[in-house]
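# Chains, contacts and geometry: an overview
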Amino acid sequence: MPEEKHRRKRDPLTSLTASSQPKTAIDRKQYKTIILVLGALSAIGPFSIDMYLPGFPAIAADLHTDIAHVGLSLTSFFIGISIGQIAYGPLMDRYGRKKPLVLGLLVYIAAALSCALSPSINFLITMRLFLALGGCVGMAGSRVVVHDLFSGSETARVLSALVMVFGVSPIIAPTIGGLVAAALGWRFIFLILATIAFFVLIAVCRFLRESKGSDTSISLHPKKIVFEYLNLFREPAFVIYTFASAVAVGGFFSYISGSPFAYMELLGLNVTQFGWMFSANAVGLIAASQLNRVWLKRRNSAEVLLIATAVQFFVVMLLVAVPFGEPGSKIGTISLIFCYLFCFGFVSPNAMALALQPFTRNAGSASALMGSLQMVVGAMASGAVSYLHNGTALPMIWVMAGCTTVSLAVLGGGVLFIKRTFITDD
């Protein structure tokens, strides 16, 4: 045991290079099935955000309110995602992965059906909170199951496949939602979400094996849960990579929040052109997440993460220097934002894999806390863009630049700290 601890302390930042094989034997058919099921699980949250957005005007008219109040249903959803993941972490560590997944999906289905039957905007806002409390189990659960089943750089490669889902959602979910709202009405959007979750539930029960048994040593007493979460911060690698990941997500949310105004108002794109541009950027993120799987065959996750963040920092500094919206700068601006998001496709899966790597017994709590912090920082960054709005693209660019600068500083400083603290302590 002391020898194992000593090895871990010698190289806590690059432990993903130790192995690239699954922790248990998984044949090719099982591998594809697991990826599909986990991808569907991780898609529930993003689809719940993006799919009903085109229905905002119809929701406001039907429930006799305005779009601003309908927007509160999005706020309640983000609150639910942040709180829910914290709740599911200890449950997944105590009872295994499948039981909380099944529970969360059942809550989601019930909440989605309730949203479809909403008699008032306040009821919809409340049910959207429960929708998030149920759906967020897929976000936290998919990450920790990947951690359970795979090791080494294979963890980051599989997480790259899940990031692809994160990138696909903004492309297809609003389109599907718009078609459904126009043809059948906004209530059918939630009926479709409930149907999707039902089939995901069937797939989880049928095809996803339990990746970790129950552990009765995990206490669900509130005080002990708090201490369990606080103990996660005693692991330097978790702190460094979770914070770097959360800040990177903050930069991504800044783009999501500021891009409609920047592209349509400042660059003069119409709604259709903006949709194509948004889709093209999402395709770039997807492509990067898949190229990451190839790159990891040659370099470890820590190296890929640091290089990608450094390139992202260089790109966003150029974006700060380019006069946004000025004649002759449109192509350059669009290209730089594309490159920024392309880099995010490398940053996100590697940071998540490295943050979860040190844990076995409480990996569910680690995954939940990381996901919750990502959403909190993302919401703060998005709010900062709105608060700093001054009729230019600078608030979006400033927040993107600030997030990337902090992420690079955390990674660089963290590497130096751990090397001095652990490696020289032999």
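Notes on the structure follow.

Here His 64, not a glycine, exhibits a phi torsion of approximately 55°, which is positive. Along the chain, the position of His 64 falls in the loop between helix H3 (56–62) and helix H4 (67–95).

Before going further, it helps to spend a moment on the side chain of Arg 143. Along the chain, Arg 143 falls in helix H6 (residues 121–149). Buried charged residue Arg 143 carries no salt bridge. Nearest counter-charge: Asp 148, at 12 Å. One polar contact links Arg 143 to Gln 85, side chain to side chain, over a distance of 2.9 Å. Residues in contact with Arg 143, not counting those within four places in the same chain, are Gln 85, Leu 159, Met 352, Leu 356, Ser 367, Met 370, Gly 371 and Gln 374.

Time to look at the side chain of Asn 350. Tracing the backbone through its elements, the reader meets Asn 350 in helix H13 (residues 330–356). In this structure Asn 350 comes out as buried when scored by relative accessible area, which is 0%. Among the polar contacts listed, one links the side chain of Asn 350 to the side chain of Ser 301, at a separation of 3.1 Å. Apart from residues lying up to four places away in sequence, Asn 350 is in contact with Ala 156, Asn 292, Leu 296, Ser 301, Val 304 and Leu 305.

We now examine the packing of aromatic side chains. For the structure on display, the rule yields 13 aromatic pairs. Arranged with centres 6.3 Å apart and planes meeting at 65°, the rings of Phe 78 and Phe 253 form a pair that is edge-to-face. Here Phe 253 lies in helix H10 (residues 236–266) and Phe 78 lies in helix H4, a separation of 175 residues in the sequence. Its relative accessible area of 14% is what places Phe 253 among the buried residues.

Rules of the game
- Residues numbered from 1 in each chain as written.
- Predicted model: local features only at pLDDT ≥ 70, side-chain atom pairs only at ≥ 80, totals over all residues.
- Heavy atoms only, no water.
- Helix = DSSP H or I, 4+ residues; strand = E, 2+ residues; numbered from the N terminus.
- Buried < 20%, exposed > 50% of the residue type's maximum accessible area, 1.4 Å probe, protein only.
- Lys, Arg positive; Asp, Glu negative; His and termini not counted.
- Salt bridge = Lys/Arg side-chain N within 4 Å of Asp/Glu carboxyl O.
- Polar contact = N/O pair within 3.5 Å; in protein donor to acceptor, adjacent residues only side chain to side chain.
- Contact = heavy atoms within 4.5 Å.
- Phe/Tyr/Trp six-rings, centres within 6.5 Å; stacked < 30°, edge-to-face > 60°.

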